[in-house]
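# Residue-level structural notes
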Amino acid sequence: AEGLSLCDLDDGAIEHRLAQARADLCGRTEPGSDGGDEFSWLAERAAGELSLALTVQRDQQRAGLCRTAASELWFGGKDAVILRSRKGRRLELCGRNDRLDLAGSAAIVFDYKTSAGVKVSLSEMYHALNIQLLVYLLAGARLNLEHRGRPLQPAGAFFLPLSPAPLDVDHPDQAKSSRWKAYQ
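Let me sum up the structure you'll find in this document. (Residues numbered from 1 in each chain as written. Predicted model: local features only at pLDDT ≥ 70, side-chain atom pairs only at ≥ 80, totals over all residues. Heavy atoms only, no water.)

## A look at the nonpolar core
Which entries qualify depends on this criterion: Here, nonpolar core refers to any group of buried Ala, Val, Leu, Ile, Met, Phe, Trp, Tyr and Cys residues whose side-chain atoms link them within 4.5 Å. Working definition: with a 1.4 Å probe on protein chains only, accessible area under 20% of the residue-type maximum means buried, over 50% means exposed, and in between means partly exposed. A run of H or I in DSSP counts as a helix once it spans at least four residues, and a run of E counts as a strand once it spans at least two, with each numbered from the N terminus.
Of all hydrophobic cores here, the largest spans 14 residues; its most connected members are F75, V81, L100, V109, V135 and L152. Breaking this core down by element, the ones donating at least two residues are β1 (67-75), β4 (95-103), β5 (106-113) and α4 (132-141). When residues of this core are assigned to their parent elements, the largest contribution, 4 residues, is made by α4.

This is how it looks when you write it as structure tokens:
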């Protein structure tokens, strides 16, 4: 069913689409069909983490006003972000936004991280020591997207971990029940 948003998918539909994507990427439909226990374990773990992340994102979108408008947005060339130094030097930046959400005409960008705990301080941004999220936000707002005839306004930029920090547990069952807490 093309044209559905993440909010429209139930848990079964998310699992089904992940299984299809895994089969397309790996050429395998059953866990362990490749004969390698390491690959099966890794593929199952990745599928579980991705399923959890998508389910949490869906639930967050259902609870709020934001909707994912685009993903994998490339910018560069005519859509490059241009920065100028105080001395007039020109820096042309290109890259890829992982996800752009809209809340009315407000643009919010997300950069997925494979590890938890990525932080940025306002001081680092102010002194241009860490401007990745700001560049993504400027690029997202400049992509000629409009909402009801109004240009997008930069509103927020976030790092979003794809998997939570490692858990210290006595038994694997404790980790399974604690996984949801890491995303909320």
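## Topic: the sheet that holds β1
Where we set the bar: We call two strands paired when DSSP finds no fewer than two bridges between them. Note on definitions: angles span 0 to 180 degrees between N-to-C directions of axes, and those axes are lines fitted to C-alpha atoms, for helices only across the stretch in contact. Contacts between residues were defined by any pair of non-hydrogen atoms, one from each residue, lying within 4.5 Å.
Taken in spatial order, the 4 strands of this open sheet run β1-β4-β5-β8, and their pairing is mixed. Each end of this open sheet is capped by a strand with a single partner; those strands are β1 and β8 (153-161). Put simply, the sheet's adjacent strands are angled 30 degrees from each other on average, direction ignored. In the sheet, β1 pairs with β4 via 7 bridges, with the strands oriented antiparallel. From the neighbouring strand, S71 faces β4, where its bridge partner is R99. Its contacts with the sheet put α4 on β1, β4, β5 and β8, and the angle it makes with β8 is roughly 130 degrees.

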